[in-house]
Amino acid sequence: GPQQEERQGLLGGLRVRALDPSLREKLGVPPGIKGGVVVEGLEAGSAAASSRLRPGDVIVELNQHAVASVPEFTRLYKQAGDKIALLVLRDGNTLYLVLSKR
């Protein structure tokens, strides 16, 4: 049900998880980057899948707000309008991606 989805952080077809120390190491997240959530999966045909996000991307900011945790990401996502600007760390580079909610 909806509560389960809430727990997994599944939003608009996007599943994220917390960035723990081992994941940080695996993904090569620079020490200067605090917080962030990792894209775990994208539901085919969803709004998130049509953005250029990929599994393994680290979402650092949402609409210029630092994303410290999964609940924080969920809250910011829900407050945002239809278009969301994400600052993403991928392979050691940062890039901006726009996510539409629908």
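The shown structure was predicted, so the numbers you read here are calculated from the model rather than taken from an experiment.

**Q** Account for the confidence of the model for the protein, naming residues and giving values.
**A** Taken as a whole, the protein shows an average pLDDT of 87; of its residues, 90% reach a score of 70 or greater. For the protein, per-element mean pLDDT is lowest for helix α1 (residues 2-8), which scores 45, and highest for strand β4 (residues 58-62), which scores 96. Residue range residues 3-9 is modelled with pLDDT below 50. Its contacts to residues more than four positions away, or to other chains, number 9 contacts.

**Q** Any chance you could break down the packing of aromatic side chains for me, citing the residues and the numbers?
**A** Under the counting rule described, the total for this entry stands at 1 aromatic pair. Geometrically, the ring pair formed by Phe 73 and Tyr 77 is tilted, given 6.2 Å between the ring centres and 35° between the ring planes. A residue pair is termed a helical-turn pair when its members lie 3 or 4 positions apart in one helix, as Phe 73 and Tyr 77 do in helix α4 (residues 70-79) at 4 residues. We note Lys 101 situated over the ring of Tyr 77; from NZ or CZ to the ring centre the distance is 4.8 Å.

**Q** Can you break down the pattern of salt bridges residue by residue, with the values?
**A** A complete count under the given rule lists 5 salt bridges for this structure. The shortest N-O distance in the salt bridge between Glu 40 and Arg 15 comes to 3.6 Å. Here the residue Glu 40 occupies a position in strand β3 (residues 37-42), and Arg 15 occupies one in strand β2 (residues 14-18), the gap between them amounting to 25 residues. By relative accessible area, Arg 15 is classed as partly exposed at 31%. When the shortest N-O distance is used, the salt bridge between Asp 20 and Arg 17 registers 3.6 Å.

The rules behind these values
- All chains use their own residue numbering, which begins from 1 and follows the written sequence.
- The model is predicted, so local features are restricted to residues of pLDDT at least 70 and side-chain atom pairs to those at 80 or more, both for listing and for counting; the totals for chains, interfaces and linings are taken over all residues.
- Hydrogen atoms and water are omitted, and side-chain values are computed over all heavy atoms in the structure.
- Scored from 0 to 100, pLDDT reflects the predictor's confidence in each residue.
- Helix and strand definitions follow DSSP, with helices as H or I runs of at least four residues and strands as E runs of at least two, each counted in order from the N terminus.
- In this description, contact between two residues means that some pair of their heavy atoms is separated by no more than 4.5 Å.
- Centre distance within 6.5 Å is the pairing criterion for rings of Phe, Tyr and Trp, where only the six-membered ring of Trp is used; planes under 30 degrees apart are then read as stacked, over 60 as edge-to-face, and the remainder as tilted.
- Think of it as a cone above the ring: NZ of Lys or CZ of Arg counts as a charge over the ring if it is within 6 Å of the ring centre and within 35 degrees of the ring normal.
- By convention in these notes, a salt bridge is any Lys or Arg side-chain nitrogen within 4 Å of a carboxyl oxygen on Asp or Glu.
- Exposure is judged per residue with a 1.4 Å probe applied to protein chains only, and the accessible area is read against the type maximum: over 50% gives exposed, under 20% gives buried, and values in between give partly exposed.

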